[in-house]
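The primary structure of each chain is shown beneath.
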Amino acid sequence: MGSYIPNSKAEQERMLDFLGLASLDDLYDEIPDKVKLKDGLNIPEGKSELEVRRRMETLAGKNTVFHTIFRGAGAYRHYIPAIVKAVASKEKFITAYTPYQPEISQGVLQSIFEFQTMICELTGMDVANASVYDGATACAEAISMCVDRKRDVVYVSATVHPDYLRTVKTYCYAAGRKLVVVPEKDGVTDIAFLKENLDEKSAAFLMQQPNFYGIIEDAETYFGVAREAGAKSIMCINPFYGAIGRTPRECGADIAVGEGQPLGISLGFGGPYLGFMACVQEMTRKLPGRIVGQTTDLEGKRAFVLTLQAREQHIRREKASSNICSNQGLCALTAACYMSTMGPSGIKEVANQCLSKAHYAAKLISSVPGYELVFDAEFFHEFVTKCPVSVNKLMAKLERQGILGGYPLGGPYEGCILWCFTEMNTKEEIDQLVAILKEGIQE
Amino acid sequence: MGSYIPNSKAEQERMLDFLGLASLDDLYDEIPDKVKLKDGLNIPEGKSELEVRRRMETLAGKNTVFHTIFRGAGAYRHYIPAIVKAVASKEKFITAYTPYQPEISQGVLQSIFEFQTMICELTGMDVANASVYDGATACAEAISMCVDRKRDVVYVSATVHPDYLRTVKTYCYAAGRKLVVVPEKDGVTDIAFLKENLDEKSAAFLMQQPNFYGIIEDAETYFGVAREAGAKSIMCINPFYGAIGRTPRECGADIAVGEGQPLGISLGFGGPYLGFMACVQEMTRKLPGRIVGQTTDLEGKRAFVLTLQAREQHIRREKASSNICSNQGLCALTAACYMSTMGPSGIKEVANQCLSKAHYAAKLISSVPGYELVFDAEFFHEFVTKCPVSVNKLMAKLERQGILGGYPLGGPYEGCILWCFTEMNTKEEIDQLVAILKEGIQE
Amino acid sequence: MKLIFERSTPGLSCEVLPPCDVEPYELKPEQRRGQELRLPEVTEGEISRHYTQLESQTFGVNSGYYPLGSCTMKYNPKINDEIAGLPGFSDIHPLQPAHTVQGCLEALHLAERLFCEITGMDNMTFQPAAGAHGELAGLIMIKKYHDSRQDEKRNKIIVPDTAHGTNPASATMAGFTSVSISSGSDGLVDLEALKAAAGEDTAGLMLTNPNTLGLFEKNIVEIAEIVHKAGGLLYYDGANLNPVMGIVRPGDTGFDIVHLNLHKTFSTPHGGGGPGAGPVGCKAFLSKFLPVPRVEEKDGKFYFASDYEDTMGSMKAFYGNFLIVLRALTYTLTLGRKGIPEAAKSAVLNANYMMKSLEDLFQVAFPGRCMHEFVLTAEPLKKKTGVSALDIAKSLLDHEMHPPTVYFPQIVHEALMIEPTDTESKQSIDEAVKVYRQLYEKACTDPEALHQAPVKTAVRRLDEVTAARKPILRYNFD
Amino acid sequence: MKLIFERSTPGLSCEVLPPCDVEPYELKPEQRRGQELRLPEVTEGEISRHYTQLESQTFGVNSGYYPLGSCTMKYNPKINDEIAGLPGFSDIHPLQPAHTVQGCLEALHLAERLFCEITGMDNMTFQPAAGAHGELAGLIMIKKYHDSRQDEKRNKIIVPDTAHGTNPASATMAGFTSVSISSGSDGLVDLEALKAAAGEDTAGLMLTNPNTLGLFEKNIVEIAEIVHKAGGLLYYDGANLNPVMGIVRPGDTGFDIVHLNLHKTFSTPHGGGGPGAGPVGCKAFLSKFLPVPRVEEKDGKFYFASDYEDTMGSMKAFYGNFLIVLRALTYTLTLGRKGIPEAAKSAVLNANYMMKSLEDLFQVAFPGRCMHEFVLTAEPLKKKTGVSALDIAKSLLDHEMHPPTVYFPQIVHEALMIEPTDTESKQSIDEAVKVYRQLYEKACTDPEALHQAPVKTAVRRLDEVTAARKPILRYNFD
Ligand SMILES: Cc1ncc(COP(=O)(O)O)c(C=O)c1O
Ligand SMILES: Cc1ncc(COP(=O)(O)O)c(C=O)c1O
């Protein structure tokens, strides 16, 4: 059994003596006996480190680590530079609490201030917070920022990631907010629907760029419609797209959110990831969560501190802008380190490689009979094709070669595949994929 | 091409201006043109991190990582606790230089002071140094400590590790010292030879415990002979054996040395490892290399510092006790952290598990026909058996099951196998091995 | 310290990627970004030095004593991080087919079994990313439950005044009105106040037990009865489970829903603010409301199931902060059935030991037996010397110690909320006590010294007022 | 700070191992250890905090500016460490059969090719574990060479007085007598002195080029001629290769044997004292003397060969500090043919820039063009103010900067030997220069302040005399 208790039995005895107690159990004499556990927990005995390691290694061994991944759909494999891993594993960054004591927490505070600045740069927005849980909750929180008593109907495009949509729905259900899903048409948001429906009750319109199908939507037009109706515009972006595509600000968004996982964070079977949020100046005090601000110490030295706390739960309790307390701090630090490592040229290079490789692949894949592109629209690094054979069998075949194929879509696009390409996919890998597709499968 | 130069071309221009130079090449105007490289280096163009990583991963992929290892022979697979890896990868420990400036190097200095103490505890000796390159050079250095003008013949048992023996020979050749290899008899040092040969010219006798064949030799008797002849006794020990077996001090050694790799250092294809050295008080000033001592600062605070530097090359130059400068500092820190993690009970537990598993295995293996034990002597965690089939074929068969079999011996024991067992080998693994041996091979 | 932007030199970069090996493709001009992207241009050495220096201005659990009340800053074992770093976990795409992620699924399934046993619950979701997120999930389940019974008038959540701020905030986000009830003079839920508050509009009660004063709600059975009788459900804020894990299970005291803070009780690190994990467990009758997807097992094979008609939906994308759950699982397997309650006892022993060592100096807000933490009030000291809880906190910084939580819970004036945790040694508690004593004496003789503290830290006290009034929230490139 | 032994509590431990799963076996009583084994008894949290605190009292390359002359404290890239940590390298037993270690062997083979090209040598061994170890290996090869020619009177190694202490020390260990020759007034080898020293007892010359004054031995061709003519060999101490790599190759200037300090020139870390790696390269006519085993290739397969009749033997067990070699290989592949000389130029530019920025304050010992480093003398300052090189060094500590090497080379009084390295930025050099200026001014106005320095460090100046007179070299348990 492992133990991290740094007091020996003898020392504990001494402490009990000091307290005038006979045994450790006496510490619990105020707990009614009838609710106490009688026979202890029904879980296995504790194990030594080596045993636990073996156990967990066995579990890890039951997972397949794919050498080649052509799947994205909200979680993206990008290269994580060694320096980013080294920085993110620095012990004090890992084990510190939220920086409530700024005098001994300038490291964490400054790193978040830098993160906020970078998110502003990426989105073109004025203000960013210190992170929320992930892209989905960032969407949900952004919507909360827009709703008031007069405007409480929320519009979300059907082309956002299904998990995000489900999360937004859940949050809206909770808050008793009306949510309207704007239907998809040809892979993009149905602009006609938007025009017809937005009105003086509309609080916000949320869309994703590129959308779940990888398509670059005409955000500017949608946001024009929203603005006219007096609703706020929320754009959920892929950070790499943000580096080369029109920014949320340029498209007229009031709030930009997104999933920061692509910025140096491992796939990790879905988490921890990183929700980022940024908005225009006027909405600053509606932002949820931590925000770090710059100030001076009493000697006039520049310093950083958690600020605008009057928005937060620990001060405002039921009137807070959100309930968020712990966020994804270390992931934010990681993303900031990643962005520093790549620099403006590196981030754009990743984006351009994603773009170029996806288009290279799309051309080749769609030239294989039966794998036509489903949509005709411009895309970033994901696109949807048909599949002339059983998707499952195709995936199984790819798997045997160490390849995780594209994501099999469901619903209206059942039988279609959402492919994703990043800078990690070499031309060779793509050519190999196409060759396999051409081979076909033994049905 | 990767680059770690933090000045841009523009900045370099500015610096050149300041120096009144036209180009970077002008920096080398004092080097005769005729010796300068004309067409640059004939090595590949530099590569990006991702490319280099892929290249090196490909190389790593050409090595076999064995799940089960029954081979030792000087390099041992033990469990390395997570905390040890975490501590050993702390950036400042890794990137610091030798602690010449004690005021900002108390961390490294104290860790070495602690290491020295632990080595003293393990060996029973009075003083230890901050490490030398490895077990082999520790042997060679120990011999140098014993030689003087009057006594310059050195005796080394033939049962020490062959690499150590070869290294010692090389060092003796260099220094023009006479080396006598004490022959092996039945797997141990030939005591008769020793008795006959040691005389007033003899500087030292060096033996290994357990010896290369895993056997626990009768060190005390040998050292008695040496003492009588006025020669110094040097014992090269396995640190785990030291934790439960009679210490070098108890056996009467003047110097204890050994390979510290088993103490939390990875196999790493042979290095970096850790040579440790300890001796009796009287020989302190003959020790080679760094030694950390305790002192006080000018406010009376306890502090640590490199000391007794008058032994060292940077002070004494040609008269130094050794030429060693860089040592294996980080490995020493790692070993100290390992010993702290395991504690006295943990270190002994490792030793006892090695001992017990080796004896369990020896019983079973030697009961397989043809795999008789070659020697009849008591052993620690290695032992030699015969092999009734082609050793190469047996190894190949084990390899197919992910097992690295024992070490095939050469020389007089050609066709025999030196097996090693540690706490990492489970009963199940051992039983599996025995089953495979029983199966035999298709010749 | 410089900002990373101030270390930037135009033209520099790290060379991370090879050149593109396919034909370059470009966005249409009208789709292209117009704004400049001002990120730092630095080499790796600069980045590395930058963060090394930032780390040196950060206080972690290993930097020194860290008794931050309510936060359970226990030691974070290294094996947990090592396991989470295995490529077999860290490099797994969340949307891989089930047969290629049996290890991940089994880990989640195992974690669900263990943590259900520890809390006395029947099912659990690992989707919530933190405690507050778990609270919201749990409250939405409560809402779903009442909705499913067409019991629609239940729009109030009762929350004691000692509750953490997230509780009322979560209630609001879940569309409830929170009703605050004051604690009794013993620091516990006032049964009469509770009875008065409970009624047919009661959706549920959120309770932290032990509460944030460090006191065990010994009337928990009665409390549960009152709430249940009124038709409400009981929600357990698990942030304070540490002192009672393996001793008493929330489920056995009447709670219907529980969240855990794996980043407090189960030793996963806080990351300077996160990520954490806030799994939510519930009794069987509520399981159908749990968020999807959920891990199921059939014939030894594990899979995700989402087809629960009554599910509340989802709390986030994918499956929660999986790598954090893994760390907590590793910890739980390490401690096991005996180690879990031993850790709890160590936490309680340490807290009582430290409380008793200090009670002659600072008044204990609610004397008696405490659990994992206790709350002192510096009010008498302040009256006497002018030295506040904040001054004490700031003075501790000069002693390489993290201060306790201050000014919380709000019902205690000049509160100092101290939680030594189970992984602190007697030795270090004794040393901390010595420092508290020194500070107390200093406060009596030289209060100004404490008003001036800290003096040894990277920065002195900050102008927080200006920070909030004229917020500077990003670097100004101009 | 406490020693780890002082954190010990009897009975505590980390639970690392499962119980033994086979029948316990015991040593015979007479073989058993009698002495108590006093190692620390601590839990993981204590160890972790201990080393975290020790690390905070350690100055690494990333802590700040580190211009330690002759040590080439350049940035240590993280990718190098990551590669060395791949299980496919770190978990490989040195005695695995060749076909299971083709990757390791290929890496060594590739490293040999690259470093031979960089040094102008034909073959190389990676066995030596550090520079001094390489020196010894190289000298033994020289000995072997002369022995092989029955040229037995050659027992002298010529070493300039600017040489590093390891050079004469290595000569002694190799059984040679070292003959020191004084440098000329230009800081370079005095050709006349060399001619006088060279003769039929000359085994060889050890030369560092650029030398430890940072000056390139521009007469190297003549030097080589003199030594070769006398029948000696030329040994290149590669500790200072950094400023000339890719610009000029030792082999092309007449050297026969070279060692490299991978932990200086090729960016592998110093580990607070080691491990490093000191590969030794030689011209073809000496290859047969190289230590064994050596890596050979045949038909694309790699293997170890030890059957060289004339081999000098071995310098250590197995194959050197392999994981260090891997790091250096990674670095070399990263920089490549253009990056290597660019790094060299950056080092030289930085050094000259800094030298010129300081020359109005401190006298440059040997003015003119320097290579990677330069040596200042604080002697005038000392005469004027009493402030010594040591005082300057100690004062720098209070500015979060590592001091230069002081009092070396010994031929310069009050030497300050500054090596900015290629990975230092103009920005940080400018800042360092500013600090040197401040200190200079302070020395003139308030010398006592510098005598008192450092004041901000973990400890103040130490009593080194007592440390050496009454050595305390281990913890006293009593
Ligand atoms: C009692 C209590 N409840 C809830 C929370 C919120 O948990 P989290 O920060 O994980 O959202 C905390 C955190 O401090 C807490 O102490
Ligand atoms: C010029 C010179 N030669 C040799 C050495 C010795 O190298 P090592 O410390 O690797 O043994 C050094 C190290 O400082 C050096 O500067």
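Going by the structure above, here's the rest.
Residues numbered from 1 in each chain as written. Chains lettered and ligands numbered in written order. Predicted model: local features only at pLDDT ≥ 70, side-chain atom pairs only at ≥ 80, totals over all residues. Heavy atoms only, no water.

A. Inspection of the interface of chain C and chain A at higher detail. Every contact between the two is made by 204 residues of chain C and, on the other side, 188 residues of chain A. When chain C packs against chain A, close to 17,000 Å² is buried across both sides, 62% of that on carbon and sulfur atoms. When the buried surface of chain C facing chain A is broken down by residue, Y51(C), R337(C) and L473(C) rank first, second and third, together holding 5% of it. At the boundary of chain C and chain A, one finds 15 salt bridges. Joining chain C to chain A, the criterion identifies 114 residue pairs in polar contact (both at pLDDT 80 or more). With 28 residues, helix 9 (residues 322–358) of chain C is the largest single contributor of residues to the side of chain C that touches chain A. (Contact = heavy atoms within 4.5 Å. Buried area = accessible area lost by both parts, 1.4 Å probe. Salt bridge = Lys/Arg side-chain N within 4 Å of Asp/Glu carboxyl O. Polar contact = N/O pair within 3.5 Å; in protein donor to acceptor, adjacent residues only side chain to side chain. Helix = DSSP H or I, 4+ residues; strand = E, 2+ residues; numbered from the N terminus.)

B. Spotlight on the sheet that holds strand 8 (residues 232–237) of chain B. Residues and elements named next belong to chain B. The 7 strands lie next to each other as 2-10-9-8-7-3-4, forming an open sheet whose pairing is mixed. The outermost strands of the open sheet, each flanked by one partner alone, are strand 2 (127–128) and strand 4 (178–182). Of the strand pairs in this sheet, strand 3 (residues 153–157) and strand 4 are connected by 5 bridges, and their pairing is parallel. Across the sheet, V154 pairs through a bridge with L179, a residue of strand 4. Along the sheet, helix 6 (residues 135–146) makes contact with strand 3, strand 7 (202–209), strand 8, strand 9 (255–259) and strand 10 (275–279), crossing strand 9 at roughly 160°. (Pairing = 2+ DSSP bridges. Axes fitted to C-alpha atoms, helices over the stretch in contact; angles between N-to-C directions.)

C. Main features of the side chain of S388(D). Along the chain, S388(D) turns up in the loop between helix 11 (379–385) and helix 12 (389–397). Ignoring anything within four residues of it in the chain, the contact list for S388(D) reads K382(D), Y407(D) and E414(D).

D. Representation of the packing of aromatic side chains within the structure. This structure, assessed with the given rule, holds 72 aromatic pairs over all chains. Ring centres of Y97(B) and Y100(B) lie 5.7 Å apart, and the angle between their planes is 50°; on these two criteria the pair is classed as tilted. For Y97(B), a relative accessible area of 4% translates into the label buried. Of the residues examined, Y100(B) reaches a relative accessible area of 31% and is grouped as partly exposed. Put simply, the rings of F269(A), Y273(A), F89(C), F304(C), F318(C), Y319(C) and F322(C) touch in pairs and so form one group of aromatic residues. Sitting over the ring of Y308(C), R294(C) keeps its end group 4.4 Å from the ring centre. (Phe/Tyr/Trp six-rings, centres within 6.5 Å; stacked < 30°, edge-to-face > 60°. Buried < 20%, exposed > 50% of the residue type's maximum accessible area, 1.4 Å probe, protein only. Lys NZ or Arg CZ within 6 Å of the ring centre and 35° of its normal.)

E. Up close: the interface of chain A and chain B. On the chain B side, the residues contacting the 12 residues of chain A number 13 residues. Carbon and sulfur atoms make up 45% of the surface buried where chain A meets chain B, a total of about 1,000 Å² over both sides. Of all residues in chain A, the largest losses of buried area upon contact with chain B belong to E49(A), L50(A) and Y79(A), amounting jointly to 44% of the total for that side. Summed over the shared surface of chain A and chain B, the number is 2 salt bridges. The residue E91(A) makes a salt bridge to K90(B) at a minimum N-O spacing of 3.0 Å. At the level of secondary structure, the elements contributing two or more residues to the side of chain A that touches chain B comprise helix 2 (49–61) and helix 3 (82–88) of chain A.

F. Structural view of the state of the cysteines. Applying the stated criterion across every chain, the model contains 0 disulfides over all chains. Left without a disulfide partner, C337(A) is nearest to the cysteine sulfur of C14(C), which lies 8.9 Å away. On the basis of relative accessible area, C337(A) is assigned to the buried category, the value being 0%. (Disulfide = S-S within 2.5 Å.)

G. Seen up close, the sheet that holds strand 5 (residues 233–238) of chain C. All names here are of chain C. Taken in spatial order, the 7 strands line up as 1-7-6-5-4-2-3 in an open sheet, and their pairing is mixed. Strands at the two margins of the open sheet, each flanked by one partner only, are strand 1 (123–125) and strand 3 (177–181). With strand direction ignored, the average angle separating the axes of adjacent strands in the sheet is 25°. This element, helix 6 (residues 166–173), spans strand 2 (156–160), strand 3, strand 4 (202–208) and strand 5 of the sheet and lies at about 175° to strand 2. Packing of helix 8 (residues 220–229) onto the sheet brings it into contact with strand 4 and strand 5, and relative to strand 5 it is tilted by some 135°.

H. Layout of the pairing of strand 11 (residues 292–296) of chain B. Residues and elements named next belong to chain B. As paired strands, strand 11 and strand 12 (residues 302–306) are joined by 5 bridges and run antiparallel to one another. Note on strand 12: the bridge partner recorded for G293 is V305. Between strand 11 and strand 12, which follow one another and run antiparallel, lie 5 residues, and G300 among them has a positive phi close to 90°.

I. Structural detail: the environment of Y25(D). Of note, Y25(D) is situated in the segment before helix 1 (44–56). Sequence-distant contacts of Y25(D), that is, excluding residues within four places in its chain, are made with N352(B), L355(B), S356(B), H359(B) and E378(B). Separated by 2.6 Å, the side chains of Y25(D) and E378(B) make a polar contact.

J. Representation of the site of ligand 2 within the structure. Near ligand 2 you find 15 residues, and of these S326(B), S70(D), G131(D), D237(D) and H263(D) are the closest. Residues lining ligand 2 come from chains B and D. At 3.3 Å from an oxygen atom of ligand 2 is found a side-chain nitrogen or oxygen belonging to Y97(B). Contact between ligand 2 and S326(B): an oxygen atom at 2.7 Å from a side-chain N or O atom of the residue. Listed by contribution, the elements that provide at least two residues to the shell around ligand 2 are helix 5 (131–148) and helix 9 (262–265) of chain D. The element that contributes the greatest number of residues to the shell around ligand 2 is helix 5 of chain D, accounting for 3 residues. Within the shell around ligand 2, the residues separate by chemical class into 5 nonpolar, 7 polar and 3 charged. (Near = heavy atom within 4 Å. Nonpolar A, V, L, I, M, F, W, Y, C, P; charged D, E, K, R; others polar.)

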